[in-house]
Amino acid sequence: IDRSSRTYASCDESGRLRLWQLTREGDAKGFRTLSFSSAPSGLCIDEEGAGMLVVGTDSGCVHLVNCPNWKGASVLETLRISEAGIAKLCNITQDRSFMWVAASLFDNRVAIMMIPFADPKIIMMGFVDVRGSADDICFGSEEFEGEAPKLIIAGCANESEWPC
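Sequence positions are assigned chain by chain, starting from 1 and proceeding in written order. Residues qualify for local features only when their pLDDT is at least 70, as the model is predicted, and side-chain atom pairs are given and counted only at 80 or more; totals for whole chains, interfaces and linings, by contrast, use all residues. Think of the side-chain values as coming from all heavy atoms in the structure, minus any hydrogens and water.

Description of the overall build of the protein
Right, on to step 1. Assigned secondary structure in the protein consists of zero helices and 13 strands.
Right, on to step 2. Numbered from the N terminus, helices here are DSSP runs of H or I no shorter than four residues, and strands are runs of E no shorter than two. Scanning the protein from its N terminus toward the C terminus, one meets helices and strands in the order β-β-β-β-β-β-β-β-β-β-β-β-β.
Right, on to step 3. In the protein, which comprises 164 residues, the share counted as buried stands at 41%.
Right, on to step 4. We call two residues in contact when some of their heavy atoms are within 4.5 Å. Expressed as a percentage of contacts within the protein between residues at least 6 apart in sequence, the contacts between residues at least 24 apart total 36%.
Right, on to step 5. About 9100 Å² of surface is accessible on the protein, with carbon and sulfur atoms providing 48% of the total. Only protein chains enter the accessibility calculation, which uses a 1.4 Å probe. A residue is then buried if its area is under 20% of the maximum for its type, exposed if over 50%, and partly exposed in between. Computed with a 1.4 Å probe, the accessible areas rest on the Shrake-Rupley method; for each residue, only the protein chains presented here act as cover.

Considering unusual backbone geometry
Outside of glycine, negative phi angles account for most residues, and trans bonds account for most peptide bonds.
Right, on to step 1. Positive phi, close to 65°, is recorded for Asn108, a residue that is not glycine.
Right, on to step 2. Asn108 sits in the partly exposed class, given a relative accessible area of 31%.
Right, on to step 3. Positioned with a positive phi, Arg131 is a non-glycine residue whose angle comes to about 55°.
Right, on to step 4. With respect to the secondary-structure elements, Arg131 resides in the loop between strand 11 (123-129) and strand 12 (132-140).
Right, on to step 5. The exposure class of Arg131 is partly exposed, given its relative accessible area of 37%.

Considerations on the sheet that holds strand 6 (residues 61-66)
One key point about sheets: their strands pair by backbone hydrogen bonds, in either a parallel or an antiparallel sense.
Right, on to step 1. Two strands qualify as a pair provided that DSSP identifies no fewer than 2 bridges between them. One open sheet holds the four strands; their spatial order is 4-5-6-7, and the pairing between them is antiparallel. For this open sheet the edge positions go to strand 4 (40-45) and strand 7 (74-80), each flanked by a neighbour on one side alone. When strand polarity is set aside, the average angle formed by the axes of neighbouring strands in this sheet is 20°.
Right, on to step 2. Two strands pair when backbone bridges link them, and strand 5 (residues 52-57) and strand 6 are joined in this way by five bridges, in the antiparallel orientation. Looking at the pairing, Val54 lines up with Leu64 of strand 6. Fitting a line to C-alpha atoms yields each axis, with helices limited to the stretch in contact; the angle taken between N-to-C directions then spans 0 to 180 degrees.

A look at the sheet that holds strand 8 (residues 86-94)
Right, on to step 1. Ordered by their spatial adjacency, four strands build an open sheet running 8-9-10-11, and the pairing between neighbours is antiparallel. Both edges of this open sheet fall to strand 8 and strand 11, since each of them pairs with a single strand only. Going from strand to strand, the sheet's axes swing by 20° on average, the running direction of each strand aside.
Right, on to step 2. One ladder, built from six bridges, connects strand 10 (residues 109-116) with strand 11; its direction is antiparallel. Looking at the pairing, Arg109 lines up with Asp129 of strand 11.

Comments concerning the environment of Glu83
Right, on to step 1. Structurally, Glu83 can be placed in the loop between strand 7 and strand 8.
Right, on to step 2. Given a relative accessible area of 69%, Glu83 falls into the exposed group.
Right, on to step 3. C-alpha separation for the pair Glu83 and Asp107, spaced 24 residues apart in sequence, amounts to 8.8 Å.

This is the structure we're talking about:
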């Protein structure tokens with residue numbers, strides 16, 4: 001989560017998210033565990049150090065976790081975005097004031113969300129139906145200097161679904 005403080009996160013199939021910090025000797029100081037009703041399937045953190053962690057689950061829920069330090073981590077909000085589970089999350093911070101989050105869903109759609117840092121909550125922006133499989137997603141910004149970040153979706157489309 002934070003390389004400078006050596007804080008890390010991991011999750012398992014039983015629905016547990018663990019946060020911990022390593023000491024200088026390489027030992028963990030202890031764990032902070034948050035439990036969810038279904039298995040976490042994706043994690044992403046804000047790039048600006050605002051202490052926001054987004055957790056996606058295989059039941060289609062997105063959890064916003066406030067973790068300014070690993071001991072005080074807490075769930076701020078939970079939003080069920082789909083009946084289908086979440087396969088992958090990715091994010092990008094824009095203008096140091098909010099974070100865009102994309103979630104690749106098991107029903108071949110991609111959900112787009114925004115999280116403002118001033119008032120942290122998940123704002124659902126909409127869905128993209130990729131008309132095929134969304135195998136990988138990521139945001140690109142360096143390639144589009146001076147423009148808003150772009151969501152890049154890689155996958156395989158069904159040709160009959162795309163009119164020419």
